[in-house]
Amino acid sequence: MRFDRSGGVFCHLTSLPGDHGIGDLGDGASAFLSFLGDADIDHWQICPIGPTLSGAGESPYQSPSAFAGNHLLIDLHGLVDDGWLDENDLEPSPDFPEDRVEYDAVREYKLPLLRTAFKRFEESASASGRRDVEAFREREPWLDDYALFRAISASRPEATWTEWPADLRTREPDALSAARERHADEVRYREFVQWTFDRQWRDLREVADAEGVSIVGDVPIYVALDSADVWANPEAFRLDEGGRPTAVAGVPPNPGDDGQRWGNPVYDWDRLAERDYDWWIARFRRLFELADVARLDHFLGFVRYWEIPADSDDPADGEWRDGPGRDLFETVERELGEAPFIAEDLGFEDPEMDELLHEFEFPGMRVPQYADWCTEGNRYQPMHYPESVVGYTSTHDTDTWVGYYDDLPGEQRECFRYNVGADGDRAVEWEIIEEVWRSEAVLAMTTVQDLLGLGSDARFNEPGTVDGNWEWRVSREALDDEITDRLWELAGKHVR
């Protein structure tokens, strides 16, 4: 096994307390890490930390970059400490809600302040500060294309890059040079913002290290079409000569549903193999600069994937294609060493996928909300979890445990209580948390919402919907000494 028996808590950064309408990389995140350290929690799991867009419902899984950081997470107090803002610049601060993120309001407040910080940096930065930015540019080869992509996108907000003029769309060198000159100030602003995010993130990593907490990042298998990734790396994707996708990702119809057309461009795995998976190696290298562990979303897609013709809206028109399988992960280990991955394998049973997980010792996932509690030996019941999995009470895509339990049919509810020996003395959320902690799963994970016993109104994301997701936040007072002590006791009791 690549992991020790341990426990973790999921809470995305946007959900943390913060003074400016959204969780950020400042004191709220440091306080959360202190809570995890005091509770003897080993892992903090988050969603992808790339920029989000209002047009994509603020989903961190539809980012314009798989490499960049979300500038909305930058701590403004940190910019005051840097000298690029002063406290008066932060006033008046809007009366943001503490329990939800209002993204439009956060942008309206924070983005002008980031522009002000950049302007002052440009006017008065020291020689060492300018050298630091240049060193960041040299260290992060993705930055140049990302900054230019966002600069051009800002000048053409009505269009995706597939609608840009042909010379920009197909990256003709003269057109790119002209665009860099035309948007030079905006490009430098985007670079400054990413440099700032990177510095603050590295400071937070030091806090995590001091608390003995590893950060579990997240890798969506696909990237958004309207992203710097696809525009700057057309050879990695199935695109036509004009840069437009010839095939997109999804899942096939199954009994009871019509399948899904996700619309993300699929990879040209044959060409990537010829290049030793250079884009994926760069992506994983960047990820492990930012996190200690990575959850691989939709792991089946690395084994086989459902490819739908780009000109079809019907998932049934797709077909299964072979993914890279072991060849990719052999290359990753050759280039990066043993990579600590968690594989999201929910909802699929595939012998070839299971063999790949076993060969590379990647733990899969088990979530008890998928269980049939009245069927003996069901694989999603925590008492049947093998050591080679990560057990969760809930995930960012499921209901909270209390919301799930409240909706359980009566017979299933009774079977659950019988299976876990619930006697009514404890809240139902602590029944499942202890059951997952007691299980053989090498990692046991819960969410902040489940620690607090919150219902469906605290759900973080509902797949297949756009509005109202990714908004929930926790208050500073919620994670109190009682919860800390209960988690600390569970860690000792179940040797995590």
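The paragraphs below set out a description of the structure included in this document.

Cut-offs used in this document
- Numbers given to residues run from 1 along each chain, matching the order in which its sequence is written.
- Local features in a predicted model are, by the rule used here, given only for residues with pLDDT of at least 70; side-chain atom pairs are given and counted only at 80 or more, and totals for whole chains, interfaces and linings are based on all residues.
- With hydrogens and water excluded, all non-hydrogen atoms of the structure serve as input to the side-chain values.
- For the purposes of this section, nonpolar cores are sets of buried Ala, Val, Leu, Ile, Met, Phe, Trp, Tyr and Cys residues that join through side-chain atoms within 4.5 Å.
- Note on classification: 1.4 Å probe, protein chains only; a residue is buried when its accessible area is under 20% of the maximum for its type, exposed when over 50%, partly exposed between these limits.
- Numbered from the N terminus, helices here are DSSP runs of H or I no shorter than four residues, and strands are runs of E no shorter than two.
- Should any heavy atoms of two residues lie within 4.5 Å, those residues are counted as being in contact.
- We call a pair of cysteine sulfur atoms a disulfide whenever their separation is within 2.5 Å.
- Whenever a helix is involved, its axis is fitted only over the stretch in contact; in every case the axis is a line through C-alpha atoms, and angles between N-to-C directions fall within 0 to 180 degrees.
- Convention used here: angles under 35 degrees read as roughly parallel, angles over 145 as roughly antiparallel, angles from 65 to 115 as roughly perpendicular, and any remaining angle as oblique.
- Here is the rule for handedness: rotate from the far helix to the near one, and if that takes an anticlockwise turn smaller than a right angle the crossing is left-handed, while a clockwise turn gives right-handed.
- Amino acids are sorted into nonpolar (Ala, Val, Leu, Ile, Met, Phe, Trp, Tyr, Cys and Pro), charged (Asp, Glu, Lys and Arg) and polar (every other residue, Gly among them).
- Put simply, two rings from Phe, Tyr or Trp (the six-membered ring, in Trp's case) pair if the centres are within 6.5 Å, and we call them stacked under 30 degrees between planes, edge-to-face over 60, tilted for the rest.
- Only strands that DSSP links by at least two bridges are regarded as paired with each other.

Right, let's get into the nonpolar core. Soluble globular proteins tend to bury their nonpolar side chains together. By size, the foremost hydrophobic cluster in this structure holds 153 residues, and its most contacted members are Leu13, Phe32, Trp44, Trp201, Trp280, Phe299 and Phe329. Element by element, the count of residues in this core is highest for helix 8 (residues 184-211), at nine residues. Contact partners of Phe32, with chain neighbours within four places excluded, come to Val9, Cys11, Leu16, Trp44, Val448 and Leu479.

What follows covers the state of the cysteines. On inspection of all chains with the given rule, the structure shows one disulfide. Two residues share a disulfide in this structure: Cys374 and Cys415, whose sulfurs sit 2.1 Å from each other. A torsion of 100 degrees about the S-S bond marks the disulfide between Cys374 and Cys415 as right-handed. In this pair, Cys374 is assigned in the loop between strand 10 (364-366) and strand 11 (389-392) and Cys415 in helix 15 (residues 410-420), connecting sequence segments 41 residues apart.

So, on to unusual backbone geometry. Residue Glu91 is joined to Pro92 through a cis peptide bond whose omega torsion reads -5 degrees. Counting through the fold element by element, Pro92 comes out in the loop between helix 2 (76-82) and helix 3 (103-124). For Tyr277, which is not glycine, the phi torsion reads 55 degrees and is therefore positive. If you trace the backbone, Tyr277 turns up in the loop between helix 10 (269-274) and helix 11 (278-290). On the basis of relative accessible area, Tyr277 is assigned to the buried category, the value being 3%. With phi around 55 degrees, Val495 is a residue other than glycine that occupies positive phi space.

Moving on: the packing of helix 11 against helix 12 (residues 326-336). Look at helix 11 against helix 12: their axes get within 10 Å of each other, and the N-to-C directions meet at 55 degrees. Classified by the angle between their axes, helix 11 and helix 12 sit oblique to one another. Along this stretch, helix 11 crosses helix 12, giving a crossing that reads as right-handed. Across from Trp280, Ile281, Phe284 and Arg285 in helix 11, the residues of helix 12 making contact are Leu328, Thr331, Val332, Glu335 and Leu336. Grouping the constituent residues of the contact of helix 11 with helix 12 by class yields six nonpolar, one polar and two charged.

Further remarks concern the packing of aromatic side chains. Under the defined criterion, the tally for this structure stands at 51 aromatic pairs. Taking the centre distance of 5.6 Å and the plane angle of 70 degrees together, the rings of Trp164 and Trp231 count as edge-to-face. Linking Trp164 in the loop between helix 5 (143-155) and helix 6 (166-169) with Trp231 in helix 9 (residues 228-232), this pair joins segments that are 67 residues apart in sequence. Each member of the pair Trp164 and Trp231 is classed as buried. Ring plane angle 55 degrees and centroid distance 6.0 Å describe the contact between Phe329 and Phe360, whose orientation is recorded as tilted.

Right, let's talk about the sheet that holds strand 6 (residues 293-296) for a bit. Sheets are built from strands paired through backbone hydrogen bonds, the pairs being either parallel or antiparallel. A sheet is described by the order of its strands in space; here eight strands give the open sequence 9-6-3-2-1-12-11-10, paired in parallel fashion. Across the chains shown, the open sheet's two edge strands, defined by having one partner strand only, are strand 9 (341-343) and strand 10. Each strand axis lies, on average, 25 degrees off the axis of its neighbour in the sheet, ignoring direction. Where strand 1 (residues 6-10) and strand 2 (residues 43-45) come together, three bridges link them in parallel fashion. Along strand 2, the bridge assignment pairs Phe10 with Gln45.

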